[in-house]
Amino acid sequence: MFLLNFHFILFLAFAELLGDILREKPQEADGIDSVIVVDNVPQVGPDRLEKLKNVIHKIFSKFGKITNEFYPEADGKTKGYIFLEYSVPSHAHEAVKNADGYKLDKQHTFRVNLFTDFDKYMSISDEWEPPEKQPFKDFVIYLKPDNVCPEVHSSFDFYLSRNMTLKPIYFVSTVFFFFFRYVVTFSPLMDTKDDPQAIIIWDVLTGQKKRGFHCESSAHWPIFKWSPDGKFFARMTQDTLSIYETPSMGLLDKKSLKINGIKDFSWSPGDNVIAFWVPEDKDIPARVTLMQLPSRNEIRVRNLFNVVDCKLHWQKNGDYLCVKVDRTPKGTQGIVTNFEIFRMREKQVPVDVVEMKEGIIAFAWEPNGSRFAVLHGESPRINASFYHVKSNGKIDLIKMFDKQQANSIFWSPQGQFLVLAGLRSMNGALAFVDTSDCTMMNIAEHYMASDVEWDPTGRFVVTSVSWWSHKVDNAFWLWTFQGRLLQKNNKDRFCQLLWRPRPPSLLSQEQIKAIKKDLKRYSKIFEQKDRLSQSKASKDLVDKRRGMMDEYRTYREAAMKMYQEQRPLRLELRGGVDTDELDSNVDDWEEETIEFFINEEIIPIGDL
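Bear in mind the structure is a predicted one, so any value in this text is a computation, not a measurement.

Engineer: I tried to follow the overall build of the protein on my own but got confused; where do I start?
Structural biologist: Broken down by element type, the protein carries 8 helices and 38 strands. Sorting the 608 residues of the protein into buried and exposed places 35% on the buried side. Looking at the protein alone, contacts between residues at least 24 apart form 39% of all its contacts between residues at least 6 apart. Per element, the accessible surface of the protein, about 40900 Å² overall, is 53% carbon and sulfur.

Right, dumping it as structure tokens:
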């Protein structure tokens, strides 16, 4: 008995110590659990079969050891699907999870399934049955900083919680960018040429590593920039622009773009269009290029001369692109700035030019409109100018405010209203502007303010003094969009405040425009419905009151009947005297008059 217990304890100890190894222990099965079927494989003849096998083996061997493979043939060519067998079922599951949807080339995207799934698919009933309503399942993504300082986030715990089950994945790294489906992490640790680990893209839903990248330089972040629909992401290296596609994480068309001297690039927020610029090279002028993806067609090229630097500013919807161009005109010493405005929604993408004779401090597009604001000049004579890009091909200066204490522009997310802020060194000067008529609604100050955050509705705005920028007076203040202070919140070591984002509207831009256009007609319809609703409420109230009155009358009739039935008993108890009425037994009354002396006053009349 002692020996059996000892063996049992020893087995438990080994199970704890060797849990990972025991999980890899072969399980009893019929052999097909380790087989996968890969569809959409190129159909090749005997001369190219060996090359195809090498490519397939390179792709699928990273998920585990392949013990057997079978390429069905017909008429001297492969049939377009293959069978691969792994040493253990877990490797087959891993291959299905990560290789399904892998894009080999333009014509071939793999579909990968377990061989055992075919029985399940074949047994599906032809009659559709509505699915059962599933209970709500909590889904939480939690990024917890362990050691956080103003400049460096040294490590993070990444948790993916589903059904309240936490799966920790620990990165000794800094998270620089978070995207809806993927998370990008950076690690300063050295990696190897064959196993890139500096930058890793993870699938948020599965916690799986999608791909690793080397990092030649961490000076410019983010390393990757994503297209608005998440189908593509791109990175820039020396003389190269590499564009990748999801979910395969492979290069678009399997090659990078060779662009000598490329300095910067940016995605359009509304379309799969990339803008990039290249400086001058000897007699070749600088140029800004707009490229459509995935076709790689250049939809517009703008040549520029005597260029020192360029900055790309997209309007939120991608309707316009402003390229801020700093030039050194021939024969002059100073720098002149031009704004090259690309009209993205018009044919051949025409370009308008706005020339600025003063240094530019800040530039910002109206989020949902065609206006932009510019801060220009030098302190203490800083000017704020507002421009309107009109549909007739002109750009008009709407208004200019001079002598402003501002170094930043913050538009309301809904447009029209903005805050001109003098942050940090300008001691938190604030100016609240309505650009519809260019009026200054209020001028205020939040001393040493470092940040400004609009709420998504555009109704409120928060100014704050972050501990990351200033070690005292840490607080956040809440204002209305008109500049009226609502609340002061002082918090020791306060760092950052962010508003919860609003979900996007279910209506398209065309539908929203149609509603605004017909707003008066809709208002009449809604007012009519409101009146009907009120009349319905009034009718319900009247019916309720009538019911209460009927109940009262029924009760009163019953009470009066009982009162009359008890009349003889009352007379008997009161000796025949009827006291039910006030004028009963009037003949027995006695009348008595009582006089009271109230006052006597003598008034002398005098001699007559």
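Engineer: What am I meant to see in the layout of surface pockets here?
Structural biologist: Empty space within the largest pocket amounts to approximately 1200 Å³. Considering the residues around the largest pocket, the lining is formed by 30 residues, among which Asn368, Pro413, Gln414, Gln509 and Ile512 are closest to the centre. A total of 6 residues in the lining of the largest pocket trace back to one element, the largest contributor, which is helix 6 (residues 509-517). When grouped by side-chain class, the residues that make up the lining of the largest pocket number 9 nonpolar, 12 polar and 9 charged. Within this model, the second largest pocket holds a volume of roughly 990 Å³. Lining the second largest pocket are 30 residues; nearest its centre among them are Lys62, Tyr102, Lys210, Arg211 and Ser248. Those elements giving two or more residues to the lining of the second largest pocket turn out to be helix 3 (46-60), helix 4 (89-99), strand 13 (209-213) and strand 17 (250-251). With 5 residues, the top contributor of residues to the lining of the second largest pocket is strand 13. Grouping the amino acids of the lining of the second largest pocket by side-chain chemistry returns 12 nonpolar, 7 polar and 11 charged.

Engineer: What should I look at first to understand the sheet that holds strand 19 (residues 264-267) in this one?
Structural biologist: Pairing within the open sheet is antiparallel, and its 4 strands lie in the order 19-20-21-22. Here the strands that pair on one side only, and so sit at the sheet edges, are strand 19 and strand 22 (297-304). For this sheet, the mean angle separating the axes of adjacent strands, direction not counted, is 15°. Relative to strand 22, strand 21 (residues 286-292) runs antiparallel, the two sharing 7 bridges. Pairing of Met291 across the sheet is with Glu298, part of strand 22.

Engineer: Explain the pattern of salt bridges here, please?
Structural biologist: If charged atoms from side chains of opposite charge come close, those side chains can pair. Applying the stated criterion across every chain, the model contains 16 salt bridges. The shortest N-O distance in the salt bridge between Glu340 and Arg327 comes to 2.9 Å. Taken together, the positions of Glu340 in strand 25 (residues 336-343) and Arg327 in strand 24 (residues 320-327) put the pair 13 residues apart, joining distant regions of the chain. Across the pair Lys390 and Asp396 runs a salt bridge, and its minimum N-O distance is 2.9 Å. For Asp396, a relative accessible area of 29% puts it in the partly exposed group. Sharing partners across several salt bridges, the network here consists of Asp271, Asp319 and Arg345.

Engineer: Where do I start with the sheet that holds strand 37 (residues 475-480) in this structure?
Structural biologist: The pairing of strands in a sheet happens through backbone hydrogen bonds and is either parallel or antiparallel. With antiparallel pairing, the 4 strands of this open sheet are ordered in space as 35-36-37-38. The sheet terminates laterally at strand 35 (451-454) and strand 38 (485-490), the two strands that pair on one side only. Strand-to-strand twist across the sheet, computed as the mean angle between neighbouring axes with direction ignored, equals 15°. Pairing of strand 37 with strand 38 involves 5 bridges; the strand directions are antiparallel. Along strand 38, the bridge assignment pairs Phe476 with Asn489.

Engineer: I would appreciate a short explanation of the side chain of Gln315 in the present structure.
Structural biologist: Position of Gln315 relative to the elements: it lies in the loop between strand 23 (307-314) and strand 24. Taking the relative accessible area as the measure of exposure, Gln315 reaches 0% and is therefore buried. Side-chain polar atoms of Gln315 contact the backbone nitrogen of Asn317, separated by 3.0 Å. Each residue touching Gln315, except ones within four places of it in the same chain, is listed here: Pro269, Tyr320, Trp365, Glu366, Pro367, Asn368 and Gly369.

Engineer: Would you mind going over unusual backbone geometry with me for this structure?
Structural biologist: Trans peptide bonds make up the majority, and among non-glycine residues the majority have a negative phi. Residue Pro294 is reached from Leu293 by a cis peptide bond, and omega for that bond is 10°. Its location among the elements puts Pro294 in the loop between strand 21 and strand 22. Put simply, Ser379 and Pro380 share a cis peptide bond, and its omega is 10°. You will see that Arg296, though not glycine, has its phi angle at about 65°, which is positive. Its location among the elements puts Arg296 in the loop between strand 21 and strand 22. If you check the backbone angles, Lys403 has positive phi at about 55° while not being a glycine.

Engineer: What am I meant to see in the pairing of strand 21 here?
Structural biologist: The side chains of a regular strand alternate between both faces of the sheet. Judged by how many residues are buried, strand 21 sits mostly within the fold: 5 of 7 residues are covered. Between strand 21 and the antiparallel strand that follows it, strand 22, lie 4 residues; Arg296 among them carries a positive phi value of about 65°.

Engineer: Which parts of the structure should I look at to understand the side chain of Asn383?
Structural biologist: In this fold, Asn383 is placed in strand 29 (residues 381-389). Side chain to side chain, Asn383 and Glu358 meet in a polar contact 3.5 Å long.

Engineer: Could you clarify how one ought to interpret helix 4 in this entry?
Structural biologist: Along an α-helix, a turn takes 3.6 residues, which lines up residues three or four apart on a common side. Among all positions in helix 4, only Ala92, Ala95, Val96, Asn98 and Ala99 are buried. Tucked inside the fold, the buried residues of helix 4 contact strand 1 (35-39), helix 3, strand 5 (81-86), strand 6 (111-114) and strand 13. Looking at the residues trailing helix 4, positive phi occurs at Gly101, about 90°.

Engineer: Whenever I open this one, the packing of aromatic side chains confuses me. Can you help?
Structural biologist: The description of an aromatic ring pair uses the distance of the two centres, along with the angle that the planes make with each other. Considering all chains together, one arrives at 28 aromatic pairs under this definition. Consider the rings of Phe60 and Phe110, whose centres lie 5.9 Å apart with planes at 35°: the pair is tilted. Residue Phe60 is found in helix 3, and its partner Phe110 is found in the loop between helix 4 and strand 6; the two are separated by 50 residues along the sequence. The same class applies to Phe60 and to Phe110, which are both buried. The ring of Phe265 carries the charged tip of Lys225 above its face, separated from the ring centre by 4.6 Å.

Engineer: Hey, could you run me through the nonpolar core in this one?
Structural biologist: Note on soluble globular proteins: their nonpolar side chains tend to be buried together. Of all hydrophobic cores here, the largest spans 23 residues; its most connected members are Ile36, Val38, Ile56, Phe60 and Phe110. Taken together, the elements giving at least two residues each to this core come down to strand 1, helix 3, strand 5, helix 4 and strand 6. Ranked by residues supplied to this core, first place goes to helix 3 with 5 residues. Those residues in contact with Val38 that sit more than four places away from it in its chain are Phe60, Gly80, Tyr81, Ile82, Leu84, Phe110, Arg111 and Val112. Counting 18 residues, the second largest nonpolar core, distinct from the first, contains Val288, Cys310, Val323 and Met344.

Engineer: Help me understand a nonpolar patch on the surface in this model?
Structural biologist: Taken together, the side chains of Ile32, Phe115 and Phe118 make up a nonpolar region of the molecular surface, amounting to roughly 230 Å² of accessible area. By secondary structure assignment, the location of Phe118 is in helix 5 (residues 117-122). The class of Phe118 is partly exposed, set by a relative accessible area of 36%.

Definitions and cut-offs
- Residues numbered from 1 in each chain as written.
- Predicted model: local features only at pLDDT ≥ 70, side-chain atom pairs only at ≥ 80, totals over all residues.
- Heavy atoms only, no water.
- Helix = DSSP H or I, 4+ residues; strand = E, 2+ residues; numbered from the N terminus.
- Buried < 20%, exposed > 50% of the residue type's maximum accessible area, 1.4 Å probe, protein only.
- Contact = heavy atoms within 4.5 Å.
- Areas by Shrake-Rupley, 256 points an atom, 1.4 Å probe, with all protein chains shown as cover.
- 1 Å grid on protein atoms, 1.4 Å probe; cavity = no way out; pocket = protein on both sides within 12 Å on 5 of 7 lines; lining within 4 Å.
- Points joined across faces, edges and corners; volume = space filled by probe spheres on them.
- Nonpolar A, V, L, I, M, F, W, Y, C, P; charged D, E, K, R; others polar.
- Pairing = 2+ DSSP bridges.
- Axes fitted to C-alpha atoms, helices over the stretch in contact; angles between N-to-C directions.
- Salt bridge = Lys/Arg side-chain N within 4 Å of Asp/Glu carboxyl O.
- Polar contact = N/O pair within 3.5 Å; in protein donor to acceptor, adjacent residues only side chain to side chain.
- Phe/Tyr/Trp six-rings, centres within 6.5 Å; stacked < 30°, edge-to-face > 60°.
- Lys NZ or Arg CZ within 6 Å of the ring centre and 35° of its normal.
- Core = buried A, V, L, I, M, F, W, Y, C linked by side-chain atoms within 4.5 Å.
- Patch = residues over 30% accessible without salt bridge, like charges linked within 9 Å, V, L, I, M, F, W, Y side chains within 5 Å.

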